Amino acid sequence: MGRIYLIDVTNRDGVQTARLGLSKLAKTMINIYLNEMGVFQSEFGFPTTRHESNYLRANLELQEMGVLQPIHLGGWLRATTEDVEKAFELVPGIKDINISISTSRQMINGKFQGAKGEKDILLMASEAIDAARACGAQTIGVNAEDASRTDDDFLVKFGTLARERGADRLRYCDTLGYDNPFTIYNVCKLLAQEVGIPVELHTHGDLGMAVANSVAGAMGVIDGGQDAYINTTINGIGERAGNADLVAVVLALKKSKGLARKYRFGRPIRLSKAWKICKYASYAFNVPIPINQPGVGANAFAHASGIHADGVLKDPENYELYDFKELGRGEPEMVETGREIASGEYSGISGFRHVMGKMDIEFADREDAEEILELARYANVLAQQPLVADELYFIAKYPEITRKLLTLTPLA
Ligand SMILES: [Zn+2]
């Protein structure tokens, strides 16, 4: 029986979303939290984009140091030989990549305007896979962009060629959120059977079905005899109406009627980290969590009406499918209501020592404190909001890595 793994794409699809972005430190914190949660892979960024290079390299260094273990760190790039070679030139230590190319007639005709056809797509994908292997990629996922508007026959052909060239996974992208649970179940079962390699589900919420589609697609893949890899984002943040929400996908797989008996995670997922990671992403993106968000919304465990309140007080299971404690909720949160000293880009040593002292971080000497303060100031320039405790801990613990994360040097 195949298993389900999670590949979170917040640091790729999430940050490429209009109006949204994350500092390199915030992206790093997200990788750390995803690792703590048991997520198989973080699609941690764009290895052909120069301002990502230092961040990507620094995170690979954290992986080597054992900080980001056992999570895989996957780069996303276009399926062209030039992009593959550029990725390995800019980020030499990268091991896991996903290469992407459009497969639907709409996109092939619409993007290439008649200059390329299906044969060219197959050729470009093969050459890119060969180049990735030659550059030393350990795992290669091949993405069929707009798969849901691609003919089944061509998808099978595309996937089979990818497998023959040595790809490890095929990513089925419902790029426009066009599928429904029944269509995606059928096509993904077919792909698992005919192509014979694990299939990734990448879904979007344009019709409000991203979570349902990713779960149904994974069921199809497993029923077709392969492992399924679901692409998620924290709080569902992603292009347009967003991607499949990480916590909702986990809840659906663990709690939906009868599902967990047959469809199992390949790696234990610590749902108890949900609250922390969702709150952090909300803060870092500056996007509030919707009040009715599954599991982590303010109203997810709130009851007001007489019948519901009475029922839940007698037995929570009357009106709750799962307990708030399972998501790591329930701890009181301390909010400063009086005088507050926050970290900022113009902070001084005295205020900084006060902030760090409250968190039990001690410095060897004044010089040490000043160095960490300097790094925290730079981190503030990029974040443009006070750093949270975990970020300050990170900076104090890994000053050399932080220095790399904060280094953006254009035209070098
Ligand atoms: Zn996407």
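Residues numbered from 1 in each chain as written. Predicted model: local features only at pLDDT ≥ 70, side-chain atom pairs only at ≥ 80, totals over all residues.

1. With respect to the overall build of the protein
Along its length, the protein carries 17 helices and eight strands. Here the C-alpha radius of gyration of the protein, 22 Å, is about what a compact globule of 412 residues would show, namely 22 Å. With respect to the principal axes defined by its C-alpha atoms, the protein has extents near 65 × 65 × 35 Å. Of all 412 residues assigned to the protein, the portion counted as buried reaches 46%. (Helix = DSSP H or I, 4+ residues; strand = E, 2+ residues; numbered from the N terminus. Rg over C-alpha atoms; globule rule 2.2 N^0.38 Å. Buried ≥ 20, exposed ≤ 12 C-beta atoms within 10 Å, placed from the backbone.)

2. Quick word on the domain arrangement of the protein
Domain parsing of the protein yields domain 1 (4-277) and domain 2 (349-405). Between the C-alpha centres of domain 1 and domain 2 the distance comes to 34 Å. Counting residues at the interface gives 12 residues for domain 1 and nine residues for domain 2. Elements supplying a minimum of two residues to the side of domain 1 that touches domain 2: helix 2 (24-37) and helix 3 (53-64). Residue contributions to the side of domain 1 that touches domain 2 peak at six residues, all from helix 3. Taken together, the residues that form the side of domain 1 that touches domain 2 break down as six nonpolar, three polar and three charged. (Domains from an automatic or database assignment. Contact = placed C-beta atoms within 7 Å. Nonpolar A, V, L, I, M, F, W, Y, C, P; charged D, E, K, R; others polar.)

3. Remarks on the packing of helix 7 (residues 152-164) against helix 8 (residues 181-195)
The geometry of helix 7 relative to helix 8 is characterised by a closest axis approach of 9 Å and an angle of 40° between their N-to-C directions. Viewed along their axes, helix 7 and helix 8 adopt a mutual orientation that is oblique. By crossing handedness, the relation of helix 7 to helix 8 is classed as right-handed. Residues Asp 152, Leu 155, Val 156, Gly 159, Thr 160 and Arg 163 of helix 7 lie in contact with helix 8, whose contacting residues are Val 187, Leu 190, Leu 191, Glu 194 and Val 195. (Axes fitted to C-alpha atoms, helices over the stretch in contact; angles between N-to-C directions. Parallel < 35°, antiparallel > 145°, perpendicular 65-115°, else oblique. Left-handed = near helix turned anticlockwise from the far one by under 90°.)

4. Focus on helix 15 (residues 366-383)
For helix 15, which comprises 18 residues, the first-to-last C-alpha distance of 25 Å matches the rise-based estimate of 26 Å (1.5 Å per residue) to within 8%. Of the surrounding elements, those touching the buried residues of helix 15 are helix 2, helix 14 (349-358), helix 16 (389-397) and helix 17 (399-405). Following helix 15 by one or two positions, Gln 384 has its phi on the positive side, about 55°. (Expected span 1.5 Å × (residues − 1).)

5. A closer look at helix 7
Its 13 residues give helix 7 an end-to-end C-alpha distance of 18 Å, which sits within 8% of 18 Å, the value for a rise of 1.5 Å per residue. Taken residue by residue, helix 7 has Leu 155, Phe 158, Gly 159 and Ala 162 as its buried positions. Around the axis of helix 7, the buried residues are gathered within 95° of arc, so they sit on the same side. Looking at helix 7, the residues exposed on the side facing more than 90 degrees away from the buried face are Asp 153 and Glu 164. For helix 7, the secondary structure elements touched by its buried residues are helix 6 (118-135), strand 5 (139-145), strand 6 (169-174) and helix 8. (Arc of directions from axis to C-beta.)

6. A look at the sheet that holds strand 5
Pairing within the closed barrel is parallel, and its eight strands lie in the order 1-2-3-4-5-6-7-8. Across this sheet, the average inter-strand angle for adjacent strands is 25°, counted without regard to direction. Where strand 1 (residues 4-8) and strand 8 (residues 228-232) come together, five bridges link them in parallel fashion. Bridged to Asp 8 within strand 8 is Thr 232. Along the sheet face, helix 6 touches strand 4 (96-102) and strand 5 and points at about 170° away from the line of strand 4. (Pairing = 2+ DSSP bridges.)

7. What to know about unusual backbone geometry
In the segment running from Gln 69 into Pro 70, the intervening peptide bond is cis, with an omega of 5°. Take Pro 70: it is sitting in the loop between helix 3 and strand 3 (72-78). Phi angles above zero are rare outside glycine, and Asp 146 is one such case at about 65°. Of note, Asp 146 is situated in the loop between strand 5 and helix 7. Look at Asp 146 and you get buried, because 22 C-beta atoms sit within 10 Å.

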